Amino acid sequence: MRILLFFTLVFFGQVRMAFGLADALSRADSLPAYGDTLDLLGVEVFSFPVEKYAQGQSVIRIKERDLERFQGQAFTEYLQKQTGLFLRQHGPGMLASLTMRGTSAGHNAVFWNGLPINSPSLGQADFSILPVGGFDQAEILLGSGGALFGTDAIGGSVHLHTRLKFNQGFQAKVQSNVGSFGLWNQSMQAGYSSEKFSSRTQVYRNFSRNDFPFRNLSKIGTPIERHDHGRVLQYGLVQDLAWMISPKSQISSSLWYNDTDREIIPLIGSNTEDQQQDRNLRWVVDYFYFGEKNMLNLKAGLVDDELIFNVGSVNQTRQYFLSGDLEWNILPEIQAKSGVRQTFVQGNLSSYEAEESRTEFYHSSNFLLKENLRFSLNLRQFVYDGNFAPFTPSLGGEWMVFRGKGQELGLKGMLARSFKVPTLNDRFWVPGGNPELLPEESYSAEMGLVHQLEKGAFQLEQSLTHFQMWVENWIIWLPRGSFWAPENIRDVHNSGLEYTFNAKYKLGRTVFGLNGNYALNRAINHTDVNANDRSAGKQLPYTPVHKAQGQLEVERGLISTFVNHQWVGQRFIATDNIGSLPSYRLWDVGFRYQFPEKFFLAGQAGFQVHNVLDTEYQILRLRTMPGRNYQLNITIRL
Amino acid sequence: MKNVRQSLLLLAVVFGFWACEGESPQVPLGEFESGVLIINEGAFGANDGEVYHFTGGENVTADIFESVNNRPFAGLIQDLVERDGRTYLVANTGKVEVVDTGDFSSLGAVADDLDISRSLVVYQDKLYISDWGPYDSIFNSPESYIAVVENINGGAVAKKIAVSSRPEKMEIVGGRLLVANAQNMDVVNLEADTLASTVEIPGNPVKFLRIDGNLHLYARQSDKIFFHRINTNNFSVQSTIEIPLEGATSNLTLGRNGEAYVVTSTGWPDYDDAVAKISLSQGNVIDASIYRGSGFYGIGFQAGENRVFVADNNGFQGNGTVIVLDENGEEVKTIPAGRGPSGFVFK
C-alpha cells in the first residue's frame, strides 16, 4: 500500500525533493498509468501539481507547518520574514505588493486553487488581504511563467492551495493568536471525510488595533507618538468539498470569502484618515477524470472583488473562468497537457465600466530524454477582446550531472517569454486610460546549480540560480496635463542571483536546522521619460539589490525554538536613485511546544518576539513599521 | 545665547533690508538669503517636498530643510512665504513649518488642526492659512476655511473662518483679507475675523498680482486668461485685461516691460506643454510657444538676470529639473532639482 501511495504521488509530482530533480530520477523507467491513483484511500484530494511542467524553474515550497505560527497574519509577514522575496509594504496589515526578480507589483501572477486572483483592474494582488488561513500551503515559482500560467507571471507566480484529504473521519482545530497592539486572531476549522467524500469548513476573524508607537519625523523634536488610525478587522470563510464520484473521477470545490476593513495608516506628515474595505469571494470547482492513459480536468471558477475606498469610491470586478485540459502520454517518454481557458471579466469601477473576454490556448510537454535529463516545453497564446498578446513559449530543463554516494549535483535552466496584458485601469480609467496600450512583455534566461548532500546525520540542499531578463513596453503612469495617463514607455533589464540552502543535523534527540536565502536583484531602467530625466541606467525604486534571510531552528522532543534574521539592503526612493533608504536588519525569536500525548489537549502553543532589537526602520519612506512586539499562539486539535 | 543669535539675525535682516536700498551691508547675509530657492512640492503619497538652494553655476544644495533640521520635511510643499525674517513652508498635507529665512533653522510649526493647507499671509502678528478643509465623500471641499494662528512662529489654530470652496492665494488690503478661491473671491473682515462678502470672478481665480502698482487677480479658463483689476475700496472687479490663450495653467510669472510668461498644456492626446509669452500692456499673446516640452510644473522670472526658470517634474518618476531660459525662450542651462519642482524664490 505504502509503495503504491509513493508511486502515485511521485507520478503526480507531489513528492519532489528540494529542487525538483529527484522526481526526474524517480520517473526514470516510464510514466505509470493513470489508473494507479484510483486504488488510493486516505490520501489527499487530487489537485494538479503546479510545477509539473516547470522543469528548470526554482520553486519555494511553503508547507502547513511553516505557516503555523503565522496563523491569521497577512501572507506578507511570512514572505518578508522567511524568504528572499521583498514586498513593498505600506505598514503592518497595509497594502503590500510583491516584487519578484526586480519586476513591479503587477509582474507576478497569484493563484488560489488554480484560479488567477490578481485584480483585473489593478493587475496585482495585495498580499495583506491574503491571510494565512485562507490556504494550507503555497508554492512560489521564481522566474517567468507566462507560458505555463498566462498573464502577469513575468517575475514569477504564487500558488496558494487548500489541501483536503479523504478517509480522515471527523477533525477539528481551533487556533488563536494574541499579540501586541491589540492583535487577536481566531480561527475554527471542522471537517469530515470518508473514503469518497470530504468536507471542511473554516471560519476566522483577525483583528489588530495596530496602535504601535512610532517616531513622528514630521514634527519638531520628532516625538514618539502612537498611531490611532490603523485598525484592521478581517473575517472570512473557507469551504472545501471533494467527492470521489467513481474510481475514475473526482469532483472538488473550494470557496473563500474574505472581508477586510482597514483604517489606512497615514504616511508620516499626513493627516489622512482613509478607510478601505475589501471583499473578495473566490469559488472554484474541479472535475477530474482519470483514464488509463489520460486525465481530463474541467475547471470553473468565479473571482469577485470589491474595493471600497472612503465609502464613496466603489470598485467592483468579477471574473468567470471556464477551462478544460487533457493530459496524456504521447510516448512513454513524452507526456503532454493541452487545454483552453475562457475568462469573462466585468468591471464596475468608480470611474468607468468595462467588460472583456479572454481566451487562452496552452500546451505543455514533458520530455524524459534520458534517465538524468528532462525538459518542459510550454506554449501559450492569450487573446483578449480580439487582441493577441505575445505568443509565449518556454523551454526548461534539468540535468543530473552527477550522482554519487549521498550526493547529487544537478544543472537546470530555462528560456522563457512572458507577458502582462494592460489592466482594466490602464486601458479604461477616466481620465487617462489608454485603450491602445500594448501588453508588457519579457524575455528571460536562467541557469542554476542544485546540490544535495547527505552524510550521516547531516543533510544539505542548496541551489544557486542566475537569471537575466529584459522587460519591454513596461507601463507607467505619467502626469499629462491635468491628469495622469499610462504609456508603454519603460524598458528594464533585470539580472540577479538567488541562493538558497537548507541544512539539517541530527545529534541524538536534537535536530538542528539552518536555512537561508540570498537574493541579488539588479533592475536597471533603460528609459528616460524626457530629455531632463536622469533615470536611465539606474536601479528601479524600492527594489533592494540585496536581501538575505536566515533561520536557525533547534528541535528536541516536543520543544522547538528558532532565531530568524532578515537583512534588506538599500532601496532607492525614485527612479533617479538620488534619495535612498538605509538597509535594515531584523531579528525574530520564538519557541513552540507540542502538547504531549497524555496531555488533556492535543495541539501546540508558541511564543514569538518580533523585531527583538526594537529596530527603527522604514520599508518605504515615511511608512512606519512596528518596533519590538510579541505574539502568543495556540492550536488545539479535536 | 539664543537671544544673541536672534539679535544677530534681526540685525542681519535689518541690514539686509538696507542693502537692498543700496547701502553696503554691514553684516553678511544668511546662507539662504541670496541665490534662488527652488520649491519642490514632492510626490503625492511620498511626502518628499523639500527646498533646494541654487547660487549660480553648478552650485545647488539639496534638501536644505532636512540638512539644517535633521528631520525630513515630511509633507508636500504647496507654498513658501517669506515675511520679516521668517519663511513659512505651507504643506498641503496639513502643516506649516516656520523657519529662519537666513539659515532655515526651525522656529516653530502649525502641526495640528489643518487639513489641506494652501497658502499663508501674516497680518498683525497673526497667521492666516487658507485650507481646503477635509474632502467629502466625492472629493469636494465644502468645509474650506482660513485658519487663524495667533503667533507668528506657529502653534495652535485659534479659529477657523469658513470661506468658499478651495481657497488658494490671499492678499491683505487695508483691514481686509482677499481670498482667491477656485470659483470666486472672498473678502474677510480681519477686525472680526469673519467672512464679509463673496465676489463673483470670471474664470477660475489663481493668484493676486501687482501690475503697475495696482492689485490684479489672475484667473483663467480653457481658452483665455484674465487679469482682473480689483477695486481696493469695494473689492469689485474694476476692469479686466482678457487675453485669448489655449490651455493656460495656473503657472504664470510676471516678466519685465509689462510682459508675463504662462505655462500652457494641450492635454490629451499630445500632452504638449509650452511657455507662452504675453504682453499685459498690449493685452495680447507675443508668442504662444517660446519653449516646448512636457511636465512643466512651475515658472519664475529672475529679475536683473532676465531669466525665465521653468520647473520640469520629469513625470514625477524621479527628481525634477529646472530649465533656465532667456526672455526669447532659448535654453541657457538646466539645474537639477528635487521631486516635483513647482516654484522659485529669487533673492
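Just so it is clear, the model here is predicted, and its values are computed rather than measured.

Engineer: Just to check I follow, could you spell out the overall build of chain B for this structure?
Structural biologist: The helix and strand inventory of chain B stands at two helices and 28 strands. For 347 residues, the compact-globule formula gives about 20 Å, and the C-alpha radius of gyration of chain B, at 20 Å, lands near that figure. Reported as C-alpha extents along the three principal axes, the dimensions of chain B are approximately 55 × 50 × 45 Å. Counting the 347 residues in chain B, one finds 56% classified as buried. Intrachain contacts of chain B at a sequence separation of at least 6 include 40% that bridge at least 24 residues. If you sum the accessible surface of chain B, you get close to 14400 Å²; carbon and sulfur atoms cover 46% of it.

Engineer: Help me understand the packing of aromatic side chains in this model?
Structural biologist: Pairs of aromatic rings are described using the distance from one ring centre to the other and the angle between the two planes. By the definition in use, this model includes 35 aromatic pairs over all chains. Both rings, one in F382(A) and one in Y384(A), keep their centres 6.3 Å apart while their planes meet at 55°; by these two values the pair is tilted. Residue F382(A) shares its accessibility class with Y384(A), and that shared class is buried. Put simply, the rings of F70(A), F75(A), Y78(A), W112(A), F127(A), F135(A) and W256(A) pair up and form one aromatic cluster. Just above the ring of F562(A) sits the side chain of R69(A); from NZ or CZ to the centre is 3.6 Å. Across the ring face of W132(B), the terminal group of R118(B) is positioned such that the distance to the ring centre comes to 4.0 Å.

Engineer: Would you explain the pattern of salt bridges in this entry?
Structural biologist: Pairs may arise between side chains of opposite charge once their charged atoms sit close together. According to the stated counting rule, one finds 46 salt bridges over all chains in the structure shown. Note that R210(B) is salt-bridged to E171(B), the shortest N-O span being 3.3 Å. Of the two residues, R210(B) is situated in strand β16 (residues 204–211) and E171(B) in strand β12 (residues 167–173); the sequence distance between them amounts to 39 residues. Here the salt bridges do not stand alone but share partners, grouping R65(A), E553(A) and E555(A) into one network.

Engineer: Could you clarify how one ought to interpret the interface of chain A and chain B in this entry?
Structural biologist: Bring the parts together and some accessible area is lost; that lost area is often taken as the interface size. Residue-level contacts link 34 residues of chain A with 40 residues of chain B. Buried area between chain A and chain B, summed over both chains or domains, comes out near 2700 Å², and the portion from carbon and sulfur atoms is 50%. A per-residue breakdown of the area chain A buries against chain B is headed by I220(A), N532(A) and R534(A), which together make up 18% of the total. At the surface where chain A touches chain B, the tally comes to one salt bridge. Applying the counting criterion to the chain A and chain B interface returns 18 residue pairs in polar contact (both at pLDDT 80 or more).

Engineer: I'm lost on empty space enclosed by the protein in this one. Help?
Structural biologist: Rolled over the atoms, a probe with the dimensions of a water molecule shows which regions are left empty. Residues and elements named next belong to chain A. A complete count under the given rule lists nine cavities of 30 Å³ or more for this structure. Of the pockets and cavities examined, the largest cavity occupies roughly 660 Å³. In this structure, the largest cavity is lined by 37 residues; those nearest its centre are F48, N113, G114, N297 and K299. Broken down by element, the lining of the largest cavity gets its largest block of residues, four residues, from strand β15 (residues 275–290). Considering only enclosed or pocket space, the second largest cavity measures out at about 560 Å³ in volume.

Engineer: What am I meant to see in unusual backbone geometry here?
Structural biologist: All names here are of chain A. Cis geometry marks the peptide bond from V430 to P431; its omega dihedral reads 0°. Unlike most non-glycine residues, D152 shows phi in positive territory, near 85°. Take D152: it is sitting in the loop between α5 (146–149) and β7 (156–161). Taking the relative accessible area as the measure of exposure, D152 reaches 8% and is therefore buried. Although it is not a glycine, V311 sits at a positive phi angle of roughly 65°. By the secondary structure assignment, V311 is in the loop between β16 (294–309) and β17 (313–331). For V311, a relative accessible area of 65% translates into the label exposed.

Engineer: Looking at this structure, how should I read the environment of D491(A)?
Structural biologist: All names here are of chain A. As for its placement among the helices and strands, D491 is situated in strand β26 (residues 483–507). Residues within four places of D491 in sequence aside, it is in contact with V471, E472, N473, I524, N525, H526 and T527. Within the structure, D491 has its side chain in polar contact with the backbone nitrogen of N473 (distance 3.4 Å).

Engineer: In this structure, what is going on with the pairing of strand β7 (residues 106–110) of chain B? I would like to understand it.
Structural biologist: On any regular strand, side chains alternate: one points to one face of the sheet, the next to the other face. All names here are of chain B. Of the strand pairs in this sheet, strand β6 (residues 95–100) and β7 are connected by four bridges, and their pairing is antiparallel. Across the sheet, V96 pairs through a bridge with V110, a residue of β7. Hairpin remark: β6 followed by β7, antiparallel, with five residues in the connecting loop; positive phi at F104, about 65°.

Engineer: What is the right way to look at the sheet that holds strand β14 (residues 184–189) of chain B in this model?
Structural biologist: In sheet architecture, strand pairing relies on hydrogen bonds along the backbone and comes in two forms, parallel and antiparallel. Residue and element names in this part refer to chain B. Taken in spatial order, the four strands line up as β12-β13-β14-β15 in an open sheet, and their pairing is antiparallel. Two strands bound the open sheet, and with one partner strand each, they are β12 and β15 (194–200). Pairwise comparison of adjacent strand axes, ignoring direction, gives a mean angle of 25° for this sheet. Inspection of the sheet shows β12 paired to strand β13 (residues 176–181) by five bridges, in the antiparallel sense. Note that in β13 the partner of M170 across the bridge is V179.

The rules behind the values
Residues numbered from 1 in each chain as written. Chains lettered and ligands numbered in written order. Predicted model: local features only at pLDDT ≥ 70, side-chain atom pairs only at ≥ 80, totals over all residues. Heavy atoms only, no water. Helix = DSSP H or I, 4+ residues; strand = E, 2+ residues; numbered from the N terminus. Rg over C-alpha atoms; globule rule 2.2 N^0.38 Å. Buried < 20%, exposed > 50% of the residue type's maximum accessible area, 1.4 Å probe, protein only. Contact = heavy atoms within 4.5 Å. Areas by Shrake-Rupley, 256 points an atom, 1.4 Å probe, with all protein chains shown as cover. Phe/Tyr/Trp six-rings, centres within 6.5 Å; stacked < 30°, edge-to-face > 60°. Lys NZ or Arg CZ within 6 Å of the ring centre and 35° of its normal. Salt bridge = Lys/Arg side-chain N within 4 Å of Asp/Glu carboxyl O. Buried area = accessible area lost by both parts, 1.4 Å probe. Polar contact = N/O pair within 3.5 Å; in protein donor to acceptor, adjacent residues only side chain to side chain. 1 Å grid on protein atoms, 1.4 Å probe; cavity = no way out; pocket = protein on both sides within 12 Å on 5 of 7 lines; lining within 4 Å. Points joined across faces, edges and corners; volume = space filled by probe spheres on them. Pairing = 2+ DSSP bridges. Axes fitted to C-alpha atoms, helices over the stretch in contact; angles between N-to-C directions.

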